[in-house]
Amino acid sequence: MSLFTNDYDYPLPESFIARHPLPHRDASRMMVLRRAEQRIEHRGFQEFASFLREGDLVVLNDTKVVPARVFSDDGKIELLFLEQLGGATWKCMVNPGRKMRPGAKVVVAGNEGEVIDLLPDGERVVSFQTPVDLDKVGRLALPPYMRRQSEEEDKRRYQTVFASNPGAIAAPTAGLHFTPGILRGISHAFITLHVGAGTFRPVQTDRITGHRMHSERFAIPEEAAAKIHAAKRIVAVGTTVTRVLESCMAREGKIRAQENATDIFIHPPHEFRIVRALLTNFHLPKSTLLMLVSAFAGREFVLKAYAEAIREKYRFYSYGDCMLITD
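Visitor: Report on helix α4 (residues 222-230), specifying residues and quantitative values.
Guide: Taken as a whole, α4 has its buried residues at A224, A225 and I228. Axial view of α4: buried residues confined to an arc of 100 degrees, hence all on one face. Of the exposed residues in α4, those oriented more than 90 degrees away from the buried face are E222, E223, H229 and A230. Here the buried face of α4 lies against β3 (56-61), β12 (188-193), β13 (216-220), β14 (233-237) and α5 (239-252).

Visitor: Can you lay out the sheet that holds strand β6 (residues 78-84) for me, pointing to particular residues and giving the numbers?
Guide: The six strands lie next to each other as β5-β6-β7-β10-β9-β8, forming an open sheet whose pairing is antiparallel. Edge positions in the open sheet fall to β5 (69-71) and β8 (105-108), since each of these has one partner strand only. Here the average twist between neighbouring strands, direction ignored, is 40 degrees. Bridge analysis of strand β7 (residues 89-95) against strand β10 (residues 124-128) gives four bridges, and the strand direction is antiparallel. Within the sheet, the bridge partner assigned to W90 lies in β10 and is V126.

Visitor: Outline helix α7 (residues 299-311), supporting the account with residue identities and numerical values.
Guide: Here α7 is 13 residues long and its end C-alpha atoms lie 18 Å apart, about the 18 Å a rise of 1.5 Å per residue gives. Of the residues making up α7, those classed as buried are R299, F301, V302, L303, A305, Y306, E308, A309 and I310. Considering only its buried residues, α7 is in contact with β1 (29-34), β2 (39-44), β16 (275-281), α6 (288-297) and β17 (322-326). Positive phi shows up at K313, right after α7, with a value of about 60 degrees.

Visitor: Give me the sheet that holds β1: which residues, what numbers.
Guide: Two modes of strand pairing occur in sheets, parallel and antiparallel, and in both the strands are linked by backbone hydrogen bonds. Pairing within the open sheet is mixed, and its nine strands lie in the order β2-β1-β17-β16-β14-β3-β12-β13-β15. Edge positions in the open sheet fall to β2 and β15 (258-262), since each of these has one partner strand only. The mean inter-strand angle of the sheet, taken between neighbouring strand axes irrespective of direction, is 25 degrees. In the sheet, β1 pairs with β2 via six bridges, with the strands oriented antiparallel. Residue pairing in the sheet places R34 in a bridge with R39 of β2.

Visitor: Requested: an account of the nonpolar core, with residues and values cited.
Guide: In terms of nonpolar packing, the biggest core is built from 70 residues, with Y10, M31, I220, L245 and F316 touching the most fellow members. Sequence-distant contacts of I220, defined by excluding residues within four places in its chain, comprise I191, A225, V244, C248, I255, R256, A257 and Q258. Core analysis: the second largest hydrophobic core is formed by 24 residues, L82, W90, M100 and V115 among them.

Visitor: Can you tell me about the pairing of β16, naming the residues and giving the values?
Guide: Within β16, six of the seven residues are buried, which leaves it mostly tucked inside the rest of the structure. Relative to β16, β14 runs parallel, the two sharing four bridges. Residue pairing across strands places I234 opposite V275, the latter belonging to β16. Examined bridge by bridge, β16 and β17 share four bridges and lie antiparallel to one another. Each bridged residue has a counterpart across the sheet, and for L279 the counterpart in β17 is L324.

Rules behind the numbers
Residues numbered from 1 in each chain as written. Predicted model: local features only at pLDDT ≥ 70, side-chain atom pairs only at ≥ 80, totals over all residues. Heavy atoms only, no water. Buried < 20%, exposed > 50% of the residue type's maximum accessible area, 1.4 Å probe, protein only. Helix = DSSP H or I, 4+ residues; strand = E, 2+ residues; numbered from the N terminus. Arc of directions from axis to C-beta. Contact = heavy atoms within 4.5 Å. Pairing = 2+ DSSP bridges. Axes fitted to C-alpha atoms, helices over the stretch in contact; angles between N-to-C directions. Expected span 1.5 Å × (residues − 1). Core = buried A, V, L, I, M, F, W, Y, C linked by side-chain atoms within 4.5 Å.

Printed below as a string of structure tokens:
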């Protein structure tokens, strides 16, 4: 266990970053980490169901990514629409920030907005004259490491096949591997956590305990809560599902239907109370997501697995391969 940020670093050549998806969702490779035996296996995601047991419940995040990236009509201002605060008022990230101080104006598709507040973390509250239709004026905000603008294929592929509740800035990427056929063959339930831009925020403190985690909204429907109670083992698909379930257990000691928000930061030495297996993608160095995975499987074991993934030429990050951590 380590609380130093630099101990969660690893070298990754840029050529290993998956900037486009594979032709088929379920064609990804799947590295399997056996925690009890400290053993690594190399499989394919199409074998995922074979690792499930009787009584397992696979829990997935059904959030839907919205086209939140918008440019002003003059092309000088970039806005990332984070949260709708009222009919025509939004919390936004803006670039460049120096041009968007309180009172500054911006025009999007002929709709004038004004910065009415500057929040402590640099986000702006922008009030527009009329409601903003992101489906018409926005584009998907791909992660910065892809180093490209969104394209037509991303409208379909940077979205899970089960996405149904709009509100995310980024995709819950572990869910991108699933097809309708694979879902039909497994016992599963859906919860919702709207992934925010904070998921890309790096840890900039020397000790990870100094990092302030972003807050994200979530919902657990009645049906999902009932299935979770009845399950023998919970298999979480992604860090977002893990954060929701572990946050609820930490607060209340149980899972119940609710709408809430969480800013839980899971890092070593977190004691997992409900998640027993985790499907996840490969994460950025020094990221909170890598720290969560390290808490689940052990930092040294995870970094050993990442080094082996590089040797075996796995594809990394959002459109990349996946890792199943089990006992």
